[in-house]
Amino acid sequence: MAADWLGCLVSINCGPTLGMYQGEVSSVDQSSQTISLRQPFHNGVKCPVPEVTFSAIDIKELKILEIKNGSVKNTPTASAKGSRTPVAVPKSDARGAEKMNSPQQYSRSFGERQLDALGQPKGFRRRHNSWSSSSRGPNQMTPKKNGVKNGQMKQRDDECFGDGVDDGLDTDFDFEGNLALFDKAAVFSEIDTSEQRNGARSRGTPQDQTPLRYRHDENILEAKPVVYRQIVVPQAGGKEYCTDSGLVVPSVSYELHKRLLSVAERHGLTLERRLEMTGVCASQMALTLLGGPNRFTPKNLHQRPTVALLCGPHVQGAQGISCGRHLANHEVEVILFLPNFVKMLDSVTNELTLFNKTDGKQVSSIKDLPDTPVDLIINCLDCHENTFLMDQPWYRAAADWANQNRAPVLSLDPPVSGQGHAVEAKWSLSLCLPLALGEGAGRVYLCDIGFPRQVFQEVGIKYLSPFGCKFVIPLHSA
């Protein structure tokens, strides 16, 4: 019975310590419970000895890879796991096979050999991994470290990626040849023809198209034509301005300006409310000119900006004092210049009382103003009606100090151009609607002090607010 197994190719698993052995059965001794393999391979590497003998106690599993000649009765495989006597394996008709002289031949599985015996092709057993060893040339093996593990890893690669891969994978894809098959002009011509047939807009050639560029705040869908002259005054003031969006803002005469203030006060917009609104807008503009959020940060409190306020004893002076109070509340070092007068307007007195509640400093002499340049000068010396103030010594001294300080000047509610400007301003802030200002007023800004549209209508002004989302907007000469 034991002689029937001679010449069979078997694989013996001796556990993790001894490893795997493959070879041809040369002898089976039932008395000593041993089996010998001729031309053995250990873990895929050919053994240096011609024959190896195994005891049944060392064999964990035994697999028959190929049956030699003759026929065996009973079962097709034999397992010697934990058994001291070899189990009889039945012989079956087996096809003739060549002797395995390499670990690659020994590594062929039993199932693969059964498929070969049935004569079925292997083409349908396609491997899922395309990186097969068969797709490489005979001299393009994967570099491995030399030694025993090299053969073991090569055996595992061949078992997993052995065959069934097309050789065409080594051929590079011809991108240029396939791209040449695409006729771009014909395809776009067909698309344009289809769009014209369906009534869609044709792309046209680049020469026929007029490139349109829009700002981020422009709407490309216009339901109605834009009307840029939305403010119409009964009598022209002699000058026109326009906003950043192109809206026309005409200037008004001082007489119409006074009528507008009178109607607003009759409807409840008193002088105190106008002073507060003017102070807020002017301080907001001044904070922006001083640096805005880049300068007013908690980490920059040691560099507080300094603002000098030059005010006279009139409504424009009260507006400047209101602006200085708001600036002082925003941690700005404010120095207020206001001469000592025996009698002043109630609005000036009230605003001065509120200003003294802040950390701002009030001086009445030019000598007390700083000798070094300040960050900003706010000029409120001029008045619309009392032009004789320009002849006063304190006025001339304050104007000379402002012109010599080399600090930028913001004029608040300056008079019309006919009265002249003793202090050259870089910016000017007008209220509600601008007056016709001269070149010495610098760049003109306009602030919204909250007049309703009906107030404008009562003085004959067709009005639509040009401010948009802001309270202070720049104006440009039209």
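Reading the values: the criteria
Residues numbered from 1 in each chain as written. Predicted model: local features only at pLDDT ≥ 70, side-chain atom pairs only at ≥ 80, totals over all residues. Heavy atoms only, no water. Helix = DSSP H or I, 4+ residues; strand = E, 2+ residues; numbered from the N terminus. Contact = heavy atoms within 4.5 Å. Phe/Tyr/Trp six-rings, centres within 6.5 Å; stacked < 30°, edge-to-face > 60°. Buried < 20%, exposed > 50% of the residue type's maximum accessible area, 1.4 Å probe, protein only. Pairing = 2+ DSSP bridges. Salt bridge = Lys/Arg side-chain N within 4 Å of Asp/Glu carboxyl O. 1 Å grid on protein atoms, 1.4 Å probe; cavity = no way out; pocket = protein on both sides within 12 Å on 5 of 7 lines; lining within 4 Å. Points joined across faces, edges and corners; volume = space filled by probe spheres on them. Nonpolar A, V, L, I, M, F, W, Y, C, P; charged D, E, K, R; others polar. Patch = residues over 30% accessible without salt bridge, like charges linked within 9 Å, V, L, I, M, F, W, Y side chains within 5 Å. Areas by Shrake-Rupley, 256 points an atom, 1.4 Å probe, with all protein chains shown as cover.

**Details of the overall build of the protein**
Point 1. A count of helical and extended segments in the protein gives twelve helices and 16 strands.
Point 2. For the protein, contacts bridging at least 24 residues in sequence account for 59% of all contacts bridging at least 6.

**With respect to the packing of aromatic side chains**
Point 1. According to the stated counting rule, one finds six aromatic pairs in the structure shown.
Point 2. Pairing F341 with W394 gives two aromatic rings, centres 5.7 Å apart and planes at 85 degrees, and the pair type is edge-to-face. Pair noted here: F341 is in the loop between β10 (333–337) and α10 (346–355) and W394 is in helix α11 (residues 393–404), with a separation of 53 residues, a long-range link.
Point 3. For F341, a relative accessible area of 28% translates into the label partly exposed.
Point 4. Plain terms: the ring middles of F456 and Y463 are 3.8 Å apart, the flat faces sit at 5 degrees to each other, and that makes the pair stacked.
Point 5. With relative accessibility at 10%, the residue Y463 sits in the buried group.
Point 6. In this structure an aromatic cluster arises from ring pairing among F341, W394 and Y395.

**Details of the pairing of strand β14 (residues 427–431)**
Point 1. Extensive coverage of β14 is indicated by the burial of five of its five residues.
Point 2. Here β14 shows no split at all, with W427, L429 and L431 on one side and S428 and S430 on the other all buried.
Point 3. Judged from the three bridges that link them, strand β13 (residues 409–412) and β14 form a sheet pairing that is parallel. Residue S411 lies in a different strand from β14, and its bridge partner there is S428.
Point 4. Note: β14 against strand β15 (residues 443–447), five bridges, orientation parallel. When the sheet's bridge partners are listed, S430 is paired in β15 with L446.

**Considering the pattern of salt bridges**
Point 1. One pass over the full model with this rule turns up seven salt bridges.
Point 2. Close ionic contact of R229 with E240 constitutes a salt bridge, the shortest N to O distance being 2.8 Å. Here R229, found in the loop between α6 (184–197) and β7 (240–242), pairs with E240, found in strand β7; they are eleven residues apart in sequence, far enough to count as distant.
Point 3. Classification of R229 as partly exposed rests on a relative accessible area of 42%.
Point 4. By sharing partners, the salt bridges in this structure join E276, R325 and E351 into a single network.

**Section: the layout of surface pockets**
Think of a ball as big as a water molecule: rolled over the atoms, this probe shows where empty space is left.
Point 1. Roughly 750 Å³ of internal volume is contained in the largest pocket.
Point 2. If you trace the largest pocket, you find 22 residues lining it, with R215, D217, E218, D244 and S245 closest to the centre.
Point 3. Looking at the lining of the largest pocket, its residues break down into eleven nonpolar, five polar and six charged.

**Brief notes about a nonpolar patch on the surface**
Point 1. Where nonpolar side chains cluster on the molecular surface, the patch consists of L179, F182, V187, F188 and I191 and spans about 440 Å² of accessible area.
Point 2. Judged by its relative accessible area of 31%, I191 falls in the partly exposed class.

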